[in-house]
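Each chain is listed here by its residues.
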Amino acid sequence: MPLSMACRSMLVTPALEPTRFDKAAEVGADVGLLDLEDGVPRAFKPEARHLATEHLARGRRSRPMALRINSLRTEDGLRDVLALLDTGARPDIVLLPKVESPAELQQLDALLCPRLPDVALLAIIETSRGVASVEDIASATPRLQGLVFGAADLSAQLGIPLTWEPMLYARARIAMAAGAAGLSAIDSPYFDLADLDAVEEETRRARALGFVGKIVIHPAQVAAVHRALRPCARSVDHARRVVAQAEDGKGGIRRLGNGMVGPPLVAAARRVLANEHRMEELESAPRRQGARTGDT
């Protein structure tokens, strides 16, 4: 199953908090994300690494589990990879932060391939160099399934506000690169935990750019993100009318109400309906995408 089919929300949990490791399943997030990077102080990284790999070495689970390691340009990142290889830990997805070149992903792919050939990779784009190289990064390796926007680090590096307008160029470029490469685009977290309306609004804006999911940092944000990513009833109704007209066999450019509809708009309508169907499946079906079929 493509990553975008089951990655509307990734609930991040610092890897020092094992009582929260299964929280994604409890609150309905699509993916649980254990964090070894920013969420863990340097002195506690060995402990977090042990807790995360121990959890990921266990058997069958009801949600896909992802692991954000440290950058491969750091000692901690190299230790994270060695721990994955030595402990039998099996995440479904590994997130590599602060990616600035295809070589970083290619190196990680080569390291993981012998023992973890089925693990998907996500590249976090959160520096100006990463944004400048995002098209090359998007085609680094077939194992790469998505690009994640890291707004907080980019904001800090550039000294600009962590608001929509200053971040718009980076978001749009990441979404465009992901779309061109056939990857999923996953949006940055929203950091105001009290403002769920703003979470929903930012997610809608990101969806309009081509993002298919969002990192969430609190369980309360999950439902807001899922609502924002679902097509509204008016859009679904219009898409059904467009597709129905297109299927009458006459083809070409046609009038529908006060608008003209041609093949590109028919294709867009089919995507809206496919997205709606995907959302219905995710909300109604038992979630076993992250389960390892050989485990008991």
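The model shown is predicted, which means the values in this text are computed figures rather than measured ones.

## A few points about the nonpolar core
Here is step 1 of the chain: Core analysis: the largest hydrophobic core is formed by 49 residues, its most contacted members being Ile69, Leu105, Leu108, Leu112 and Leu147.
Here is step 2 of the chain: Examining the composition of this core, we find that 7 residues originate from one element, helix H8 (residues 164–181), more than from any other.
Here is step 3 of the chain: Setting aside anything within four residues of it in sequence, one finds Leu112 in contact with Val81, Leu84, Leu85, Val94, Pro117, Leu121 and Arg143.
Here is step 4 of the chain: Counting 14 residues, the second largest nonpolar core, distinct from the first, contains Met10, Leu33, Ile93 and Leu95.

## Quick look at the side chain of Arg49
Here is step 1 of the chain: Structurally, Arg49 can be placed in helix H2 (residues 45–56).
Here is step 2 of the chain: Here Arg49 falls in the buried class, since its relative accessible area comes to 9%.
Here is step 3 of the chain: Here the side chain of Arg49 touches Asp80 through a polar contact of 2.6 Å, side chain to side chain.
Here is step 4 of the chain: Excluding its chain neighbours within four sequence positions, the residues that come into contact with Arg49 are Leu36, Asp76, Arg79, Asp80 and Ala83.

## Notes on the confidence of the model for the chain
Here is step 1 of the chain: Residue-level pLDDT values for the chain average 87, and 78% of them are 70 or greater.
Here is step 2 of the chain: With pLDDT under 50 throughout, residues 288–296 is counted as low confidence; its partners more than four residues away or in other chains account for 23 contacts.

## Points about the packing of H8 against helix H9 (residues 196–209)
Here is step 1 of the chain: Relative to each other, H8 and H9 sit at 40°, their axes nearing to 10 Å. Taken as a pair, H8 and H9 cross one another with a handedness that is right-handed. Residues Trp164, Glu165, Leu168, Arg171, Ala172 and Ala175 of H8 pack against Glu202, Arg205, Ala206 and Leu209 of H9.
Here is step 2 of the chain: Here the residues of the contact of H8 with H9 sort into 6 nonpolar, no polar and 4 charged.

What counts as what
- Residues numbered from 1 in each chain as written.
- Predicted model: local features only at pLDDT ≥ 70, side-chain atom pairs only at ≥ 80, totals over all residues.
- Heavy atoms only, no water.
- Core = buried A, V, L, I, M, F, W, Y, C linked by side-chain atoms within 4.5 Å.
- Buried < 20%, exposed > 50% of the residue type's maximum accessible area, 1.4 Å probe, protein only.
- Helix = DSSP H or I, 4+ residues; strand = E, 2+ residues; numbered from the N terminus.
- Contact = heavy atoms within 4.5 Å.
- Polar contact = N/O pair within 3.5 Å; in protein donor to acceptor, adjacent residues only side chain to side chain.
- pLDDT = per-residue confidence, 0-100.
- Axes fitted to C-alpha atoms, helices over the stretch in contact; angles between N-to-C directions.
- Left-handed = near helix turned anticlockwise from the far one by under 90°.
- Nonpolar A, V, L, I, M, F, W, Y, C, P; charged D, E, K, R; others polar.

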